Amino acid sequence: MQLSVLASVPAEPDPAGRVARVRSWTVLPDRAVVRFAEPGARELAEALLERGVAVDAEVPVGGSTEPLARFLAWPVRDPARVRILAELASADPGSTVELLRRLPPVPVLLFGRDAAAWPVLRLAARCGTGARIGVGDVLHLPDGRSARSNAELVAAAVAVREAGA
């Protein structure tokens, strides 16, 4: 089992404070999510990697171009320990393929929120990337019914994947 933590503004609002906290950790997680929409993301990611913690770089795509530009400007020196979590505003195959071409050679996980969740999951299955689903992203099943649990969402996602998206 890998343990992952969120290292972002809710944990510590000050960018320098987040880096200081990471440098003071006495027990390390396996991975940490760094939101590239937040200031200081690059420095935080570097501090995590220096400590031996793999980075999940969360990048919203489809609104402001700043988070993606911030991620693309980061020289990923250790691609084996970096994964991009790309939050897509919509499941546009053309722009997603273009996005995937621009990324450094790191594993990619695509996800969407609310109305974008299921179309993005289907797109991820077609593109062969990782995907994410859960009540933090969507509260409805593909047929529009309310999901009762994460387990129900995961079961529906597996069915979508097995159906070939």
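Provided above is the structure to which this section pertains.
Q: What's the story with the overall build of the chain in this structure? I'm lost.
A: Summing up its helical and strand segments, the chain has six helices and six strands in all. Reading the chain from its N terminus to its C terminus gives the helix and strand order β-α-β-α-β-α-β-α-β-α-β-α. Since a compact globule built from 165 residues should have a radius of gyration of about 15 Å, the 16 Å found for the chain is in line with a globular shape. Considered along the principal axes of its C-alpha atoms, the chain spans approximately 45 × 35 × 25 Å. Classification of the 165 residues of the chain by burial places 41% in the buried group. In the chain, once contacts between residues fewer than 6 apart in sequence are set aside, the share between residues at least 24 apart is 58%. Summed over all atoms, the accessible surface of the chain reaches about 8,500 Å², with 55% contributed by carbon and sulfur. Taking the 20 positively charged and 19 negatively charged side chains of the chain as two groups, their mean positions are separated by 2 Å.

Q: Could you clarify how one ought to interpret the nonpolar core in this entry?
A: Proteins that are soluble and globular tend to have nonpolar side chains buried together. Residues Phe-36, Leu-48, Val-55, Phe-71, Trp-74, Val-82 and Leu-88 are the most contacted members of the largest nonpolar core, which totals 34 residues. Those elements that provide at least two residues to this core are helix H1 (15–24), strand S2 (31–35), helix H2 (41–50), strand S3 (54–61), helix H3 (66–73), strand S4 (82–88), strand S5 (108–111) and helix H5 (117–127). Here this core takes six residues from H2, the largest share from any one element. If we ignore the near neighbours within four places in the chain, the residues touching Leu-48 are Val-22, Trp-25, Ala-32, Val-34, Val-53 and Val-55. Counting residues in hydrophobic clusters, the runner-up holds eleven residues, among them Leu-121, Leu-141, Ala-147 and Val-160.

Q: Honestly, the side chain of Glu-58 in this entry has me stumped. Any pointers?
A: You can see Glu-58 is positioned in strand S3. Excluding residues that lie within four positions of it along the chain, Glu-58 makes contacts with Val-33, Val-34, Arg-35, Phe-36, Ala-37, Leu-85, Phe-111, Arg-113 and Arg-132.

Q: Explanation requested: the packing of H5 against helix H6 (residues 150–162) in the structure shown.
A: Each pair of packed helices can be described by the angle between their axes along with the distance between the axes. Relative orientation of the contacting elements H5 and H6 amounts to 40°, with a least axis distance of 10 Å. With respect to each other, H5 and H6 are oriented oblique. As for how H5 packs across H6, the hand of that crossing is right-handed. Residues Trp-118, Leu-121 and Arg-122 of H5 pack against Leu-153, Ala-156, Ala-157 and Val-160 of H6. Per-class residue counts for the contact of H5 with H6 are six nonpolar, no polar and one charged.

Scoring rules and cut-offs
- Think of each chain on its own: its residues are numbered from 1, step by step along the sequence as written.
- Whole-chain, interface and lining totals are the exception, using all residues; otherwise, since this is a predicted model, local features are given only for residues with pLDDT of at least 70 and side-chain atom pairs are given and counted only at 80 or more.
- Side-chain calculation: all heavy atoms of the structure are included, whereas hydrogens and water are not.
- Secondary structure counts use DSSP, requiring at least four H or I residues in a row for a helix and at least two E residues in a row for a strand, with both numbered from the N terminus.
- Atoms counted for the radius of gyration: C-alpha only. Globule rule: 2.2 Å times residue count to the power 0.38.
- Think of it in three bands: residues with accessible area under 20% of the maximum for their type are buried, residues over 50% are exposed, and the middle band is partly exposed, with areas taken using a 1.4 Å probe on protein chains only.
- Contacts are assigned to residue pairs that have any heavy atoms within 4.5 Å of one another.
- The Shrake-Rupley method, run with a 1.4 Å probe sphere, supplies the accessible areas, and residue values consider only the shown protein chains as cover.
- Charged residues are defined here as Lys and Arg on the positive side and Asp and Glu on the negative side; His and the ends of the chain fall outside this count.
- All charge positions are set by atom: Lys at NZ, Arg at CZ, Asp at CG, Glu at CD.
- Only buried residues count toward a nonpolar core. Its members are Ala, Val, Leu, Ile, Met, Phe, Trp, Tyr and Cys residues joined through side-chain atoms within 4.5 Å.
- What counts as an axis is a line fitted to C-alpha atoms, over the stretch in contact for a helix, and the angles between N-to-C directions run from 0 to 180 degrees.
- What sets the label is the angle itself: under 35 degrees gives roughly parallel, over 145 gives roughly antiparallel, 65 to 115 gives roughly perpendicular, and the rest give oblique.
- We call a crossing left-handed when the near helix sits turned anticlockwise from the far one by less than a right angle, and right-handed when that turn is clockwise.
- Each residue gets one label: Ala, Val, Leu, Ile, Met, Phe, Trp, Tyr, Cys and Pro are nonpolar, Asp, Glu, Lys and Arg are charged, and the others, such as Gly, are polar.

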